[in-house]
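If you want the building blocks of each chain, they are given just below.
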Amino acid sequence: MLDNLTILEASKLIDEKKVSALEITNSYLKKIEDSKKLNCFITVSHDKAVHAAKETDNRVSKNNRIGPMDGIPLAYKDLFCTKDTLTTASSKILSNFIPTYESTVTNNCINKGAITLGKLNCDEFAMGSTNKTSFYGPVVNPWKSLDSDEELVPGGSSGGSAASVAADLCIASIGTDTGGSIRQPASFTGAVGLKPTYGRVSRWGTIAFASSLDQAGPISKTVEDAAILLQTISGHDNKDSTSSQRPNEHYFSNLNSSVKNLKIGIPKEYMSDDLPLEIQNYWNEGKKILSENGAEIIEISLPHTKTALPAYYIIAPAEASSNLSRYDGVKYGLRTNEKNLIKMYESTRSDGFGDEVKRRIMIGTYVLSSGYYDAYYLKAQKIRSLIKKDFDNVFKDVNAILTPATPNTAFAIDKEEKDPVKNYLNDIFTVPINLAGLPAISIPFGLDKKGLPVGMQLITNSFEEQLLLNIAKNIQDSINFKNEPKCWWK
Amino acid sequence: MMNDWQTVIGIEIHAQVNSKSKLFSSSSTDFGSAPNTQVSLVDAAMPGMLPVINKFCIEQAIKSGLGLNAKINNKSIFDRKNYFYQDLPQGYQISQFKDPIVGEGSVEIEIEGTTKTIGIERLHLEQDAGKSLHDQDPNLTFVDLNRSGIALMEIVSKPDMSSSDEAIAYVRKVRSILRYLDTCDGNMEQGSLRADVNVSVRKKGEELGTRCEIKNLNSFKHIGAAINFEVDRQIKIIESGEQVKQETRLYEVASNKTRSMRSKEDAHDYRYFPDPDLLPLQLEQEWIEKIKKSLPELPDEKKLRFINFYKISGYDAEVLTSDRRISEFFEEVAKNRSSKLSVSWVASELFAVLNKLNLNIENSPVSSSQLGELIDEIENGTISNRAAKEVFEEMCNSEKSAKDIIEEKGLVQISDTSEIEIFINKVLEDNPENVEKYKNGKTKLLGFFIGEVMKATKGKANPGLLNQIVKKKLDN
């Protein structure tokens, strides 16, 4: 009865006093305990969770339940600073860091009564799309191929956030998305993953990867849950200068699944012969569903799509190289003692950062260097404007865009990719959306012939999350996909 | 030979913004607090912390820009200046690089009666770093982050100065303007205002020479001495047939010399780029106009007014308006009183005392109203100027009013004709030979008789009356 609960289902059980928040919480804590093979959690906040669940039950007994999030066990990517709880960014350099403060995102959840189960594994400093760059080891995808027993990646960087939802180790989770880090792992694990408009969710207290691209968002089992979570974490925050002043919205209560008379764009630049046939088929099915339900499908062009990936791999490392300068061994985190300052920096940072993080710091440092700035960083910013313009133009004609979320499905953890650029191609469908600051959602469509989830991506104009969720719900209701991988890990 | 050389000087002034809280956090900026007690999560660059601009600091920068007759830019951008240092918690300083908040402006300086205009290139806002303490432990360096994040204005001049005197006059003038505006307290000892000076030399008519930058000068004296040393050094290098190397230098007080700190080759690549945590700063023209209207009278205007209204010399007006508090003190004293007496008592007598006690006007032992009362006693003839000096000295050492001291010391001037006559008669009787000599034409002896009467009255005789009566008696 307590398996595969959605937020709505769990909330109903608590409201009707059929189950206590503590019972639900304990059942999840038990599942987490039994699922260590998946390596989803870096920290399990057992005592914190039990304490919070008791408080919910106390409120419920007095008929004072705060709302639908009260008593719902969540888990957070280990990029969100959590007061008195280890927060590592999956990096050795922060492997001893315990914040004295709570990020706005997690605080918003806690204020609505949500229960913190713990902190989820991810790629180190959110850099990666396999979850293999974590200092704490790779997360394992709960899904496996029908024809093989090898362990698969859950995608990344929010690999733990996606895998824990697919394996039902939490009802839903929060991740972050800089170039696809919510949508790609959601797609690899059969979950719903939403990246909000840049500025919709406060970045305060979230460890920064690339400040102009980072955005937190929900990973959940259903579109309804994504809507509830989005309204829980959104809103203006005067501690984040880039946070939007727009009032928060009631995404869940305004949710409807009508797509009648909507115009859905299909970008021709996203079509390619390299795209696996099954992904193409699901994409076509998506067009068919929306068309049958009353939407008009229009082919569109986003001419600068090809330039998005190189621009992203200049801008994101540039910002990261500066954002990660603060991890220097002086104030907190790892320090490798040496006789002088420069040596201390060198040893601490050599020791504390993994290869992918070092690679990006070096790329970022290079592209910002005098003499190279104009050729790389400035040019990338110009491309970014052109990409934004592409979307602005398209949204004059269409309400939303439908694309695949990823160019592939989950692959083997053991698959060694020597060329980092090949890994970067995982983000090819998701990166342009971050560059343009738009909201997008990845929703599961079905399984490929290996039995692995395939996700599609919907994109809308800035701050049109409601429309995004509505269309996603329409598809979800038409498909009826169940994210229930066969349990092999207990 | 030295006369063939021209000196070219440009100055960057770093002025701490007068503000209760820091540029991007709400921490206090109190000077002298215990180490690391004025540090927020943002100032310590904890993971996930974000800067939020302090609007008051922006207003202060706009005010300063307007005071420097400069263009205020409606859009400016905060950049990150990246470098590693133990007292720079973020690993970058938030500053303004390509698009500063204030653009070109100018100030006027006066050198030996001639006015010269010095161009301002720009004014930008940036955050200060923390402080490294190297003297607390034999092996370790300690870091105090109280300063970390405090707002600074960097004011960059054009290379318009050609002597150390002009350089000092320029820094003095900028400091004075900022103090008038209350945008910087100008306290150089505490480091609220410091200057980096760029110096080069060239032969008249030639192109600009290679410049050296002398960092962190925190007194007018050091600015002057460092420039003079540097100019000599550079001329000697060139005259010996060698070339000046572009470098950053430090001035050492003890030896009164500058020494190399780092060469151009060692200069950091700061990898400036726009800070993605902060949106471009957009300023409404309306707000700028509102600030403009609220500006106080500035030193140049005030000086003109003093010359015209108080009918005082340009020199006196300059001295009295160089500092806003001094000008205010003076105006309080001079209100409805003789401006001549007021100037002399403020600019000579009071300044002498302040200098001796090393105090500034805010801590003057005598308030403007107290000094005014003393001048009143002179103006209404109660005491002589000479007696007034004695009263003033006592006022500086006690809380007593001029009136009380005059009474206590019996310094009231004798202005009663018959009383003065008694003393005069006595002196004339006692000195018959000198009376005779005077009458035979040695009129210079008048001073002798006046002096004797003053001695007899302990200086209390009204000098005007005394002079008049003595003359009358002798001439009869």
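Residues numbered from 1 in each chain as written. Chains lettered and ligands numbered in written order. Predicted model: local features only at pLDDT ≥ 70, side-chain atom pairs only at ≥ 80, totals over all residues.

Q: Which parts of the structure should I look at to understand the overall build of chain B?
A: Along the backbone of chain B there are 15 helices and 15 strands. A compact globule built from 476 residues would reach a C-alpha radius of gyration of about 23 Å, whereas chain B, at 30 Å, exceeds it by more than 25%. Viewed in the frame of its principal axes, chain B has a C-alpha envelope of about 95 × 55 × 55 Å. Out of the 476 residues in chain B, the part that is buried amounts to 40%. (Helix = DSSP H or I, 4+ residues; strand = E, 2+ residues; numbered from the N terminus. Rg over C-alpha atoms; globule rule 2.2 N^0.38 Å. Buried ≥ 20, exposed ≤ 12 C-beta atoms within 10 Å, placed from the backbone.)

Q: How do you make sense of the overall build of chain A when you look at a structure like this?
A: When helices and strands are counted, chain A shows 15 helices and eleven strands. In terms of C-alpha radius of gyration, chain A reaches 21 Å, essentially the compact-globule figure of 23 Å for 490 residues. With respect to the three principal axes, the spread of C-alpha positions in chain A is 65 × 55 × 50 Å. Put simply, chain A has 490 residues, and 60% of those count as buried. A fraction of 77% describes how many contacts in chain A between residues 6 or more apart in sequence connect residues 24 or more apart. (Contact = placed C-beta atoms within 7 Å.)

Q: Which parts of the structure should I look at to understand the environment of B:His222?
A: All names here are of chain B. As for its position among the elements, His 222 is in helix H3 (residues 220–239). As a C-alpha pair, His 222 and Ser 64 span 158 residues in sequence and 25 Å in three-dimensional space. The contacts of His 222, once residues within four sequence positions are left out, are Leu 217, Tyr 251 and Val 253.

Q: Hey, could you run me through the interface of chain B and chain A in this one?
A: Interfaces are often sized by the accessible area lost when the parts come together. Opposite the 24 residues of chain B that make contact, chain A presents 33 residues. Of the residues that constitute the side of chain B that touches chain A, the class distribution is 15 nonpolar, five polar and four charged. (Nonpolar A, V, L, I, M, F, W, Y, C, P; charged D, E, K, R; others polar.)

Q: So what exactly am I meant to see when it comes to the packing of helix H9 (residues 305–323) of chain A against helix H11 (residues 355–368) of chain A here?
A: The relative placement of two packed helices comes down to the angle between their axes together with the axis-to-axis distance. All names here are of chain A. In contact at an axis separation of 7 Å, H9 and H11 are set at 100 degrees when each is read in the N-to-C sense. Looking at the two axes, H9 sits roughly perpendicular to H11. In this structure, H9 contributes Ile 314, Pro 317, Ala 318, Ala 320 and Ser 321 to the contact, and H11 contributes Arg 360, Ile 361, Ile 363, Gly 364, Thr 365, Val 367 and Leu 368. In the contact of H9 with H11, the residues fall into eight nonpolar, three polar and one charged. (Axes fitted to C-alpha atoms, helices over the stretch in contact; angles between N-to-C directions. Parallel < 35°, antiparallel > 145°, perpendicular 65-115°, else oblique.)

Q: Quick question: what am I supposed to make of the pairing of strand E7 (residues 263–267) of chain A here?
A: Successive side chains on a regular strand alternate, one facing one side of the sheet and the next facing the other. Residues and elements named next belong to chain A. Bridge count for E7 against strand E8 (residues 296–300) is five bridges, and the pairing is parallel. Residue pairing in the sheet places Ile 264 in a bridge with Ile 297 of E8. Note that the unit made of E7, helix H8 (residues 277–292) and E8 has a crossover that is right-handed. Two strands pair when backbone bridges link them, and E7 and strand E9 (residues 400–404) are joined in this way by two bridges, in the parallel orientation. Across the sheet, Gly 265 pairs through a bridge with Ile 401, a residue of E9. (Pairing = 2+ DSSP bridges. Right-handed = clockwise from strand over helix to strand, strands pointing away.)

Q: What exactly am I supposed to notice about the sheet that holds strand E6 (residues 215–220) of chain A here?
A: The pairing of strands in a sheet happens through backbone hydrogen bonds and is either parallel or antiparallel. All names here are of chain A. Reading across the sheet, the eleven strands line up as E1-E3-E2-E4-E6-E5-E10-E11-E9-E7-E8 and stay open at both edges, with mixed pairing between neighbours. Looking at which strands have only one partner, the edges of the open sheet turn out to be strand E1 (41–44) and E8. Averaged over all neighbouring strand pairs, the angle between strand axes comes to 30 degrees, with direction disregarded. One ladder, built from three bridges, connects strand E2 (residues 73–77) with strand E4 (residues 172–177); its direction is parallel. Paired with Ala 75 across the strands is Ser 173, a residue of E4.

Q: Can you help me understand the nonpolar core in this one?
A: The nonpolar side chains of a soluble globular protein tend to be buried with one another. A:Leu74 and A:Leu117 are the most contacted members of the largest nonpolar core, which has 140 residues in total. The element best represented in this core is H9(A), accounting for nine residues. Beyond its immediate chain neighbours, meaning those up to four positions away, A:Leu117 contacts A:Tyr28, A:Leu29, A:Ile32, A:Val44, A:Ser45, A:Ala49, A:Pro73, A:Leu74, A:Ala75 and A:Cys170. In terms of nonpolar packing, the next biggest core, distinct from the first, is built from 69 residues, B:Val39, B:Ala45, B:Ala70 and B:Ile101 among them. (Core = buried A, V, L, I, M, F, W, Y, C linked by C-beta atoms within 7 Å.)

Q: Any chance you could explain the environment of A:Ser27 here in plain terms?
A: Structurally, the position occupied by A:Ser27 is in helix H2 (residues 21–34). Separated by 188 residues in sequence, A:Ser27 and A:Gln215 place their C-alpha atoms 30 Å apart.

Q: Would you take a moment to explain the domain arrangement of chain B for this structure?
A: Residues and elements named next belong to chain B. Domain boundaries in chain B define domain 1 (2–289), domain 2 (297–409) and domain 3 (417–475). Relative placement of domain 2 and domain 3: their C-alpha centres are 33 Å apart. Taken together, the contacts link four residues of domain 2 with four residues of domain 3. When its residues are assigned to classes, the side of domain 2 that touches domain 3 shows one nonpolar, two polar and one charged. (Domains from an automatic or database assignment.)

Q: Teacher, can you tell me more about the environment of A:His304 here?
A: Residues and elements named next belong to chain A. Among the secondary structure elements, His 304 is positioned in the loop between E8 and H9. Since 20 C-beta atoms lie within 10 Å of it, His 304 is described here as buried. Through-space distance from the C-alpha of His 304 to that of Lys 389 is 9.4 Å; in sequence the pair is 85 residues apart. Setting aside anything within four residues of it in sequence, one finds His 304 in contact with Ile 383, Leu 386, Ile 387 and Asp 390.

Q: I would appreciate a short explanation of the sheet that holds strand E10 (residues 193–203) of chain B in the present structure.
A: Residues and elements named next belong to chain B. Ordered by their spatial adjacency, eight strands build an open sheet running E5-E6-E9-E1-E10-E11-E12-E13, and the pairing between neighbours is mixed. Where the open sheet ends on each side, the last strands, each with one partner, are strand E5 (105–111) and strand E13 (257–263). Between one strand axis and the next, the sheet turns by 30 degrees as a mean value, whatever way the strands run. With four bridges joining them, E10 and strand E11 (residues 212–217) adopt antiparallel strand pairing. Of the residues in E11, the one forming a bridge with Asn 198 is Glu 213. Sitting on the sheet, helix H1 (residues 55–67) is in contact with E5, strand E6 (114–127) and strand E9 (151–157), with an inclination near 165 degrees to E6. Lying over the sheet, H3 contacts strand E1 (5–16), E10, E11, strand E12 (247–252) and E13, oriented at roughly 25 degrees with respect to E10.

Q: Sorry, what's going on with the packing of helix H10 (residues 385–397) of chain B against helix H11 (residues 402–409) of chain B here?
A: Residues and elements named next belong to chain B. Put simply, H10 and H11 touch, their axes get as near as 10 Å, and they point 120 degrees apart. Crossing geometry of H10 relative to H11 is assigned as right-handed. Here H10 contributes Val 391, Glu 394 and Met 395 to the contact with H11, which in turn contributes Ala 402, Ile 405 and Ile 406. The residue inventory of the contact of H10 with H11, partitioned by class, reads five nonpolar, no polar and one charged. (Left-handed = near helix turned anticlockwise from the far one by under 90°.)

Q: Would you take a moment to explain the pairing of strand E11 (residues 453–460) of chain A for this structure?
A: Residues and elements named next belong to chain A. Within E11, eight of the eight residues are buried, which leaves it mostly tucked inside the rest of the structure. Of the two faces of E11, the one lined by Pro 453, Gly 455, Gln 457 and Ile 459 and the one lined by Val 454, Met 456, Leu 458 and Thr 460 are each fully buried. In this sheet, E11 lies alongside E9 in antiparallel orientation, the contact comprising five bridges. Bridge pairing links Leu 402 to Leu 458 in E11. Bridge analysis of strand E10 (residues 440–447) against E11 gives seven bridges, and the strand direction is antiparallel. The partner of Ile 441 across the bridge, within E11, is Leu 458.

Q: Can you walk me through H8(A) in this structure?
A: Given 3.6 residues to a turn, an α-helix orients residues that are three or four positions apart in the same direction. Residue and element names in this part refer to chain A. With 16 residues, H8 should reach 22 Å at 1.5 Å per residue; the first-to-last C-alpha distance of 22 Å fits that figure. Burial in H8 covers these residues: Ile 279, Tyr 282, Trp 283, Gly 286 and Leu 290. All buried residues of H8 lie within an arc of 105 degrees about the axis, which places them on one face of the element. Projecting away from the buried face of H8 at angles above 90 degrees are the exposed residues Leu 277, Asn 284, Lys 288 and Glu 292. Of the surrounding secondary structure, the elements contacted by the buried residues of H8 are E7, E8, E9, E10, E11 and helix H15 (465–479). One or two residues past the end of H8 sits Gly 294, with phi positive at roughly 110 degrees. (Expected span 1.5 Å × (residues − 1). Arc of directions from axis to C-beta.)

Q: Is there a simple way to think about H3(B) in this case?
A: Residues and elements named next belong to chain B. Here H3 is 20 residues long and its end C-alpha atoms lie 29 Å apart, about the 28 Å a rise of 1.5 Å per residue gives. Residues His 222, Ile 223, Ala 226, Ile 227, Phe 229, Glu 230, Val 231 and Gln 234 constitute the buried set of H3. Each element contacted by the buried residues of H3 is listed here: E1, helix H2 (164–181), E10, E11, E12 and E13.

Q: What exactly am I supposed to notice about unusual backbone geometry here?
A: Note: most peptide bonds trans; most residues except glycine with negative phi. Going from A:Gly156 to A:Ser157, the amide bond is cis rather than trans, its omega being 5 degrees. For B:Asp182, which is not glycine, the phi dihedral falls at a positive 65 degrees. Secondary-structure assignment places B:Asp182 in the loop between H2 and E10. Even without glycine at this site, B:Lys311 takes up a positive phi of about 55 degrees. By the element assignment, B:Lys311 lies in the loop between helix H5 (299–310) and helix H6 (314–321). Residue classification places B:Lys311 among the exposed residues on the basis of 9 C-beta atoms within 10 Å.

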